[in-house]
Amino acid sequence: MSIVVSDICPTYTTFFGFMGAACSIIFANFGSCYGTAKAGVGVMVMGVLHPQLIVKSTIPTIMAGILGIYGLIASIIIAMGIGNEYPLYVSFAHLSGGLCVGFSSLAAGICIGIVGDAGVRANARQPKLYVGMLLVLIFGEALALYGLIVGLIISMKGQNMKCTSA
């Protein structure tokens, strides 16, 4: 096992790749945890006001939990791409891809948490608001999905690059 060192592949490149994997899972989990906690408060209120609707009200918490899976997927793909011949270009692609997934999942988690909490509470008073709440939640989740897609595309850039000096 030999590590290739050159101007294209300095020794510190793996730091950026691993930071991309870490940022992806950390920020996605922050978004997932915030969304779950915030929407969970609304579910508890629904349980007090209308216990028969509690299962229907757990949709925001489920959607928030999916955000952590997005970060996990991106982190695994990035970590699998880190190796001995690891160009600087690829390490920056992995960092930016991980940040893309992480921050978009964090933003989606904030959206899902706020809308989920307010939507479930509003649904307790007016059941006709349920479909509107679901639509807003879907659009919030879609933002994280867009971030996952773009992050994976960015992370795949330069996968065939090798550490050869010119």
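What you see is a predicted model; the values in this text were computed from it and never measured.

Draft legend 1. Summary view of the environment of Pro10. Note on placement: Pro10 falls in the segment before helix 1 (13-49). Of the residues examined, Pro10 reaches a relative accessible area of 14% and is grouped as buried. Taking the C-alpha atoms as reference points, Pro10 and Glu85, separated by 75 residues in sequence, lie 9.8 Å from one another.

Draft legend 2. Examining the UniProt feature "domain: V-ATPase proteolipid subunit C-like" (unreviewed entry) in the protein chain more closely. Following the UniProt record, one finds the feature "domain: V-ATPase proteolipid subunit C-like" (unreviewed entry) at residues 19-78 and 96-154. Measuring from the first to the last C-alpha atom of residues 19-78 gives 10 Å, for a span that is 85% helix and 0% strand. Span residues 96-154 is 93% helix and 0% strand, its end C-alpha atoms 7 Å apart.

Draft legend 3. The arrangement of the UniProt feature "transmembrane region" (unreviewed entry) in the protein chain in detail. Using the residue numbers shown here, the UniProt feature "transmembrane region" (unreviewed entry) corresponds to residues 12-31, 62-83, 95-117 and 129-154. Segment residues 62-83 splits into 86% helix and 0% strand. End C-alpha atoms: 35 Å apart. The distance separating the terminal C-alpha atoms of residues 129-154 is 38 Å; by composition the span is 96% helix and 0% strand.

Draft legend 4. Layout of helix 4 (residues 130-155). Its 26 residues give helix 4 an end-to-end C-alpha distance of 37 Å, which sits within 8% of 38 Å, the value for a rise of 1.5 Å per residue. For helix 4, every residue scored as buried is listed here: Tyr130, Met133, Leu137, Gly140, Glu141, Ala142, Ala144, Gly147, Leu148, Gly151 and Ser155. In this structure, the buried side of helix 4 is in contact with helix 2 (59-80) and helix 3 (88-125).

Draft legend 5. How the structure looks around the environment of Gly68. Looking at the element boundaries, Gly68 is found in helix 2. The spacing of Gly68 and Val45 is 23 residues in sequence and 25 Å in space, taken between C-alpha atoms.

Draft legend 6. Highlighting the nonpolar core. Leu67, Tyr70, Ile112, Met133, Leu137, Ala144 and Leu148 are the most contacted members of the largest nonpolar core, which totals 16 residues. At the level of elements, helix 2, helix 3 and helix 4 are the ones that each hand at least two residues to this core. Discounting chain neighbours no more than four positions away, the residues touching Leu67 are Ala28, Gly31, Ser32, Ser105, Ala108, Gly109, Ile112, Glu141 and Ala144. With 5 residues, the next largest nonpolar core counts Ala21, Ile82, Tyr86 and Val90 among its residues.

Draft legend 7. Focus on helix 2. The end-to-end C-alpha distance of helix 2, which contains 22 residues, comes to 32 Å, matching closely the 32 Å that a straight helix rising 1.5 Å per residue would cover. Considered for burial, the residues of helix 2 that qualify are Pro60, Thr61, Met63, Ala64, Leu67, Gly68, Tyr70, Gly71, Ala74, Ser75 and Ile78. Each element contacted by the buried residues of helix 2 is listed here: helix 1, helix 3 and helix 4.

What counts and what doesn't
- All residue numbers refer to positions counted from 1 along the written sequence of the respective chain.
- Local features in this predicted model are restricted to residues of pLDDT 70 or higher, and side-chain atom pairs are both shown and tallied only at a pLDDT of 80 or more, whereas totals for entire chains, interfaces and linings draw on every residue.
- Values reported for side chains reflect all heavy atoms of the structure, with hydrogen atoms and water molecules removed beforehand.
- The helix count covers DSSP runs of H or I at least four residues long, the strand count covers runs of E at least two residues long, and both are numbered beginning at the N terminus.
- Throughout this description, buried means an accessible area under 20% of the type-specific maximum (1.4 Å probe, protein chains only), exposed means over 50%, and partly exposed covers the range between.
- UniProt positions are given in the numbering used here, feature names are shortened, and annotations may be inferred rather than shown by experiment.
- Working rule for helices: expected span equals 1.5 Å times residues minus one.
- Should any heavy atoms of two residues lie within 4.5 Å, those residues are counted as being in contact.
- In this description, a nonpolar core means a group of buried Ala, Val, Leu, Ile, Met, Phe, Trp, Tyr and Cys residues linked to one another through side-chain atoms lying within 4.5 Å.

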